[in-house]
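Coordinate inspection notes
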Amino acid sequence: MPRFGYLHDDGILFGSAFALATTGEYKVVSLPERPFQTKYPPLYPLYMSAVWRIQPRFPDNLAVATFFNWLLLPVFLTLCWTLYARHGIGGAKRIGIVAFLSANVVLLLFGISVMTELFFTCGLLLVLLVMEDDSWNSALLAGILAGLVYLSRTAGIALLAAGPACYLWKRMPRRAVAFAMGMLPFVLAWTYWSRANQLDTNEPGIVFYTDYVRFQFLNVDAHNFRRVLAVNLRELFFGTGSLVFPRISDSPLVKVCAAAAVLGVVSGCVRMMRNGILHAYGAFTLISLGILAVWHYPPNERFLLPLLPFFAAGLATELLWIAAHIRTAANGTDTGNRIASWVLGSVLGAGVAGIVFAQLYGVFVFLPRMMQAERAHQAALREAYSWIAAHVPIGSQVLSSDDPVLFLHTGLRGNTVPLMPRDWYDGGSATPTIYATIADYCRRRHLDYFFYGPEDFARHWTQIENASEIQAILNGNQGLEAIYRSPAGTLYRVLPPAN
């Protein structure tokens, strides 16, 4: 798992799984405060805690973690196959959709990552399958399963609206009530537990670890709402297209193809919904997109991954609809229509070939190259962590972009640089100021060291153009003393304030 820690959330989740396996407590053990884990629900970390019980030594257990996450891929594909069959999607169409999913670059990448996306999506598909049986007992069971899905990822809250709405649309109010009765206790239980165990802090960078709701209001308000909405709608568009044409190149052609794919996805999904196909999935998708449009993070492919099976079916529906009309025109007697059909057919065939090529290139060329580069980076990071573990006093606290991974390697607690999403939405203008005052922040938080790497620029909200400016700020910071330099990063000692 050479990209472990890159998304930060994966380190937090694996660290929480470590806490469950070793102490039985559900905590963010990498933070100095060791607060209860009140941001991410416990079901997925509970699943990953089995990894720590099987192989308690880190990072050797990342191989086991990879296997545990990969096991979800065949489950996901089987559930997709079954759900499509229940909706009459059969034959070559179903084979083609599932083949596309099985070779999807984004899906495979998250299939070997310690992230909730695939785990959550499997649960979502299971709920949708149970909802296909319109009995009261099935509605109740679907609600209970939806509650468990919510306990794997709070994005499952969309099911609390989508499930009853679908039953009400079919004029089944008793089943709508049964679904809500099944799901609501899980939502209330997690809400009560997380609020009762919430860390009492006004530090925005620590709220990030513990409270989704407060962090949302810290970053999205009346002053920047329209900006956030505009940026997120743009990212929703490009994120959807990138599920079909992955971002394996900055070529304008890839971007144009991705944009065309979005139009096909939207049109096909609307066509399916009108025909009563995957209507519950469609309701969940609409509510989820509404949430993502105002969320405090740009909704890229990661956040759209649970919607991929619905989008893939929609795109296939649209492509086949266009192909049928082209075939009708090609078999007609009008010469102009026949010529046009051959032209459009060639364009359609080239588009499908482009999708196949992009995904296969991503799987067999792009991902291996990415992993090779990440392995080299991980080797450098582990060398740095070994030095830190050997030379930094036990009990010291470290500011680092990889704070959960640094903790797992060294046992040293700390937190990440307090960069706020609202700064990214505003163009990253506040980022240099944050780094200019980083020594003061560390003193306030009682952080003794600051580990900073060149990869941090691309992973945070800052624009890459600010990299040289920030490095110059750090080099000239009188409150920091560089005590170790390596290709993976520089470790600074935080000095006492000058008199």
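What you see is a predicted model, and the numbers here were worked out from it, not measured in a lab. Within each chain, residues carry numbers counting from 1 in the order of the written sequence. Only residues with pLDDT of at least 70 get local features here, since the model is predicted, and only at 80 or more are side-chain atom pairs given and counted; chain-wide, interface and lining totals rely on the full set of residues. To get the side-chain values, take all heavy atoms of the structure and skip hydrogens and water.

1. Topic: the packing of aromatic side chains
- Paired rings are identified among Phe, Tyr and Trp, the last through its six-membered ring, by centres lying within 6.5 Å, and are further divided according to the angle between planes into stacked (under 30 degrees), edge-to-face (over 60) and tilted (the rest). Under the defined criterion, the tally for this structure stands at 31 aromatic pairs.
- With a centroid separation of 5.5 Å and 35° between ring planes, the pair formed by Tyr281 and Phe310 is classed as tilted. Of this pair, Tyr281 sits in helix α15 (residues 279–293) while Phe310 sits in helix α17 (residues 308–330), and the two are 29 residues apart along the sequence.
- Here a set of aromatic residues connected by ring pairs shows up, and it is made of Phe4, Phe14, Phe18, Trp52, Phe58 and Phe407.
- Above the plane of the ring of Tyr6 lies Arg3, whose end atom (NZ or CZ) is 4.3 Å from the centre.
- Over the aromatic face of Trp81 sits the side chain of Arg94, whose NZ or CZ is 4.2 Å from the ring centroid. In DSSP terms, a helix is any run of H or I states spanning at least four residues, a strand is any run of E spanning at least two, and both are numbered starting from the N terminus. Two limits define a charge over a ring: the Lys NZ or Arg CZ must be within 6 Å of the ring centre, and within 35 degrees of the ring normal.

2. Some words on the side chain of His8
- Looking at where His8 falls in the secondary structure, it is placed in the segment before α1 (9–22).
- For every residue, the accessible area obtained with a 1.4 Å probe (protein chains only) is divided by the maximum for its type, and the residue is called buried under 20%, exposed over 50%, and partly exposed between those limits. The class of His8 is buried, set by a relative accessible area of 9%.
- What qualifies as a polar contact is a pair of N or O atoms within 3.5 Å, subject to a donor-acceptor requirement within protein and to the restriction that residues adjacent in sequence count only when both atoms come from side chains. In this structure the side chain of His8 is engaged in a polar contact, spanning 2.6 Å, whose partner is the side chain of Asp403.
- Contact between two residues is taken to exist if any of their heavy atoms lie within 4.5 Å; hydrogens are not considered. Here His8 is in contact with Phe208, Tyr209, Ser401, Asp403, Pro404 and Thr416, once residues within four sequence places are set aside.

3. As for the sheet that holds strand β4 (residues 489–494)
- Two strands qualify as a pair provided that DSSP identifies no fewer than 2 bridges between them. The sheet built from 4 strands is open, its strands ordered β1-β2-β4-β3 with mixed pairing. For this open sheet the edge positions go to β1 (398–400) and β3 (480–486), each flanked by a neighbour on one side alone. Strand-to-strand twist across the sheet, computed as the mean angle between neighbouring axes with direction ignored, equals 20°.
- Two elements, β3 and β4, share 6 bridges in a ladder whose sense is antiparallel. Of the residues in β4, the one forming a bridge with Tyr484 is Leu491.
- Against the sheet, helix α18 (residues 335–391) contacts β2 (449–452), β3 and β4, and its axis sits at roughly 130° relative to β3. Comment: axis = line fitted to C-alpha atoms, over the contacting stretch for helices; angle = value between 0 and 180 degrees taken between N-to-C directions.

4. Regarding the pattern of salt bridges
- Salt bridges, as used here, are contacts in which a Lys or Arg side-chain nitrogen is within 4 Å of a carboxyl oxygen on Asp or Glu. If you walk through the whole model with that rule in mind, you get 16 salt bridges.
- As a salt-bridge pair, Asp211 and Arg195 come within 2.9 Å of each other at their nearest N and O atoms. Of this pair, Asp211 sits in the loop between α11 (204–210) and α12 (212–219) while Arg195 sits in helix α10 (residues 173–196); the two residues are 16 residues apart in sequence, bridging distant segments of the chain.
- Asp211 sits in the buried class, given a relative accessible area of 3%.
- Residue classification places Arg195 among the partly exposed positions, given a relative accessible area of 42%.
- Its salt-bridge partner being Glu301, residue Arg247 comes within 2.9 Å of it at the nearest N-O pair. Here Glu301 lies in helix α16 (residues 301–304) and Arg247 lies in the loop between α13 (225–244) and α14 (252–274), a separation of 54 residues in the sequence.
- Salt bridges here are not isolated pairs; linked through shared partners, they connect Asp9, Glu117, Arg153 and Arg302.

5. Brief notes about unusual backbone geometry
- In this chain, Phe58 is followed by Pro59 through a cis amide linkage whose omega measures 5°.
- Relative to the helices and strands, Pro59 is located in the loop between α2 (43–54) and α3 (62–70).
- With phi around 55°, Leu278 is a residue other than glycine that occupies positive phi space.
- In this fold, Leu278 is placed in the loop between α14 and α15.
- For Leu278, a relative accessible area of 2% translates into the label buried.

6. Some details on the confidence of the model for the protein
- What pLDDT expresses is the predictor's confidence in each residue, scored from 0 to 100. Model confidence for the protein is summarised by a mean pLDDT of 93, while 97% of its residues fall at 70 or above.
- Element-level pLDDT for the protein is lowest in helix α23 (residues 456–459), with a mean of 64, against a maximum mean of 98 in α2.

7. Remarks on the side chain of Ser16
- Here Ser16 shows up in helix α1.
- There is a polar contact of 3.5 Å between the side chain of Ser16 and the backbone oxygen of Lys27.
- Discounting residues that sit within four places of it in the chain, Ser16 has contacts with Tyr26, Lys27, Gln37 and Pro45.

8. Topic: the packing of helix α9 (residues 158–169) against α10
- Following both chains from N to C, one finds α9 and α10 inclined at 165°, their axes separated by 7 Å at the closest point. For the element pair α9 / α10, the angle class is roughly antiparallel. Handedness of the crossing formed by α9 with α10: right-handed. Across from Leu159, Leu160, Gly163, Pro164, Tyr167 and Leu168 in α9, the residues of α10 making contact are Pro173, Arg175, Ala176, Phe179, Ala180, Met183 and Leu184. Working definition: roughly parallel below 35 degrees, roughly antiparallel above 145 degrees, roughly perpendicular at 65 to 115 degrees, and oblique for all remaining angles. Left-handed is the label given to a crossing in which the near helix is rotated counterclockwise from the far helix by less than a right angle, and right-handed is the label when the rotation is clockwise.

9. Observations regarding the packing of helix α4 (residues 72–86) against helix α7 (residues 117–131)
- Contact geometry for α4 and α7: axes closest at 9 Å, N-to-C directions at 25°. In terms of their interaxial angle, α4 and α7 are classed as roughly parallel. The way α4 lies across α7 gives a crossing that is left-handed. Packed against α4, whose contacting residues are Leu72, Leu73, Val75, Phe76, Leu79, Cys80, Thr82, Leu83 and Arg86, the element α7 presents Leu118, Phe119, Thr121, Cys122, Leu125, Leu126, Leu128 and Leu129 at the interface.
- Its residues assigned to classes, the contact of α4 with α7 shows 14 nonpolar, 2 polar and 1 charged. Throughout, the ten residues Ala, Val, Leu, Ile, Met, Phe, Trp, Tyr, Cys and Pro are labelled nonpolar, Asp, Glu, Lys and Arg are labelled charged, and all others, Gly among them, are labelled polar.

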